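# Structural features, examined
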Amino acid sequence: MRLYISSGAHVDEVDERIVEITDHLEAPDMVFGEGGEASLIKQSITIAYLFPRAPLIALAAAIQVILILGFFGRIVSIVTGGTKGKDTEIMERIASKYNAKICEIDSIHTARPVYDRPILWGLANWIPTIGLIVALVLDAQPLSVVIVSLLIGYILLHTMLYLVNSKREEKMAETVQSRVENVETACVVLGESHHVGVGKRLIDSGKIDVLNPIPDDLGLLAKCNIYVWGVIDSARDRLRG
């Protein structure tokens with residue numbers, strides 16, 4: 001299989017990334033995607049189901065998925081006439097142009113750490129939530145409570161995503177590798193924080209010709225994510241050693 005990885009922010013330059021894909025691949029047979037089959041309704045139900053167990057994470061996830069990626073992504077697409085938009089627009093346009101199939105690769109539940117250790121994550125979410133509610137009752141500034149809630153929520157969300165990241169990238173790579181016998185050319189559309197991890201795993205398999213296992217240029221957020229994950233990995237290795 002000959003494969004090109006298209007990575008970026010989840011709301012990004014649609015036209016530019018499509019051109020990059022088509023410049024490297026004449027006619028992709030398959031479009032592998034992170035979130036390639038996930039509807040906004042399904043994601044909203046998942047977040048609602050998470051809320052009783054981890055309300056602050058659910059709040060941060062709702063803002064990220066529904067408000068930023070869903071609503072803002074749609075607005076950006078309309079305003080720019082489709083030149084910018086969500087990753088799913090890239091997948092759908094490539095699939096439509098080349099009669100290619102879309103295959104979801106991110107099948108590991110991102111909230112898996114919460115469900116694996118519900119008491120720990122429940123305490124980490126509900127103790128600050130109750131504290132913030134008490135502070136609000138005691139006449140704390142509502143804006144301050146909202147800001148602190150979001151800050152704690154995003155810290156917990158990114159901690160959860162870090163803990164499940166390796167399993168997600170392994171599963172993404174495994175899903176692509178499972179199609180190596182019946183797909184000649186394909187592209188992968190995913191968040192740029194996963195580009196290096198998935199690219200390395202695909203290269204190591206020895207079965208796939210990955211045209212760009214390392215991205216030409218990482219955005220600031222992706223660089224920060226990868227750096228922080230690396231620091232935490234190093235610290236955990238030292239503790240185990």
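Residues numbered from 1 in each chain as written. Predicted model: local features only at pLDDT ≥ 70, side-chain atom pairs only at ≥ 80, totals over all residues. Heavy atoms only, no water.

## Thoughts on the overall build of the chain
- The helix and strand inventory of the chain stands at nine helices and seven strands.
- Relative to the compact-globule value of 18 Å for 241 residues, the chain shows a C-alpha radius of gyration of 19 Å, a close match.
- By sequence separation, contacts in the chain at least 24 residues apart represent 82% of the contacts at least 6 residues apart.
- Per element, the accessible surface of the chain, about 13,400 Å² overall, is 61% carbon and sulfur. (Helix = DSSP H or I, 4+ residues; strand = E, 2+ residues; numbered from the N terminus. Rg over C-alpha atoms; globule rule 2.2 N^0.38 Å. Contact = heavy atoms within 4.5 Å. Areas by Shrake-Rupley, 256 points an atom, 1.4 Å probe, with all protein chains shown as cover.)

## A few points about the environment of P128
- Within the secondary structure, P128 is located in helix α6 (residues 118-137).
- Measuring from C-alpha to C-alpha, the distance between P128 and S149 comes to 8.1 Å, with 21 residues separating the pair along the chain.

## Here's the deal with the sheet that holds strand β5 (residues 101-104)
- With parallel pairing, five strands are arranged side by side in an open sheet as β5-β3-β6-β1-β7. The two strands at the open ends of the sheet, each matched to only one other strand, are β5 and β7 (209-210).
- Pairing between strand β3 (residues 30-33) and β5: four bridges, direction parallel. Its bridge partner lying in β5, F32 is registered against C103. (Pairing = 2+ DSSP bridges.)

## Focus on the nonpolar core
- M1, L3, F32, V176, V188, L202 and I208 are the most contacted members of the largest nonpolar core, which has 19 residues in total.
- Where this core is concerned, the elements lending two or more residues are β1 (2-8), β3, α7 (142-177), β6 (185-191) and α8 (195-205).
- Setting aside its immediate chain neighbours within four residues, V188 contacts L3, Y4, I5, S6, F32, I105 and V176.
- Core analysis: the second largest hydrophobic core is formed by 15 residues, A60, V65, L157 and M160 among them. (Core = buried A, V, L, I, M, F, W, Y, C linked by side-chain atoms within 4.5 Å. Buried < 20%, exposed > 50% of the residue type's maximum accessible area, 1.4 Å probe, protein only.)

## Some thoughts on the confidence of the model for the chain
- Across the chain, pLDDT averages 90, with 98% of residues at or above 70.
- Within the chain, helix α5 (residues 112-116) carries the highest mean pLDDT (96), whereas helix α9 (residues 220-240) carries the lowest (81). (pLDDT = per-residue confidence, 0-100.)

## Here's the deal with the pattern of salt bridges
- The full count for this structure, using the stated rule, is nine salt bridges.
- Notably, a salt bridge pairs R17 with D12, separated by 3.4 Å at the nearest N-O pair.
- With relative accessibility at 21%, the residue D12 sits in the partly exposed group.
- Taking the shortest distance from any N to any O, the salt bridge between D106 and R168 comes out at 2.6 Å. Here D106, found in the loop between β5 and α5, pairs with R168, found in helix α7; they are 62 residues apart in sequence, far enough to count as distant. (Salt bridge = Lys/Arg side-chain N within 4 Å of Asp/Glu carboxyl O.)

## Considerations on the packing of helix α3 (residues 55-79) against α7
- Here α3 crosses α7 at 85 degrees, and the two axes come no closer than 7 Å. Relative to α7, α3 is oriented roughly perpendicular. From α3, L56, I57, L59, A60, A61, I63, Q64 and I68 reach across to α7, where they touch S149, L150, I152, G153, Y154, L156, L157 and M160.
- Counted by class, the contact of α3 with α7 contains 13 nonpolar, three polar and no charged residues. (Axes fitted to C-alpha atoms, helices over the stretch in contact; angles between N-to-C directions. Parallel < 35°, antiparallel > 145°, perpendicular 65-115°, else oblique. Nonpolar A, V, L, I, M, F, W, Y, C, P; charged D, E, K, R; others polar.)

## Let's talk about α3
- The axis of α3 is deflected most strongly, by about 30 degrees, at F72.
- Looking only at α3, the buried set comprises P55, L56, I57, A58, A60, A61, V65, G70, G73, V76 and S77.
- In the segment just after α3, G81 is the residue with positive phi, at about 65 degrees. (Bend = angle between axes of the 7 residues up to and from the residue.)

## What about a negative patch on the surface?
- A cluster of acidic side chains, namely E16, E20, D23, D216 and D217, defines a negative patch on the protein surface.
- By the element assignment, E16 lies in helix α1 (residues 14-24). (Patch = residues over 30% accessible without salt bridge, like charges linked within 9 Å, V, L, I, M, F, W, Y side chains within 5 Å. Lys, Arg positive; Asp, Glu negative; His and termini not counted. Charge placed at Lys NZ, Arg CZ, Asp CG, Glu CD.)

## A look at the pairing of β3
- Burial along β3 is two-sided: M30 and F32 and V31 and G33, pointing in opposite directions, are all buried.
- In the sheet, β3 pairs with β6 via four bridges, with the strands oriented parallel. Note that in β6 the partner of G33 across the bridge is V189.

## Quick word on the environment of V76
- In this structure, V76 sits in helix α3.
- Owing to a relative accessible area of 14%, V76 belongs among the buried residues under this scheme.
- Considering only alpha carbons, one finds V76 and V11, 65 residues apart in sequence, at a separation of 8.2 Å.

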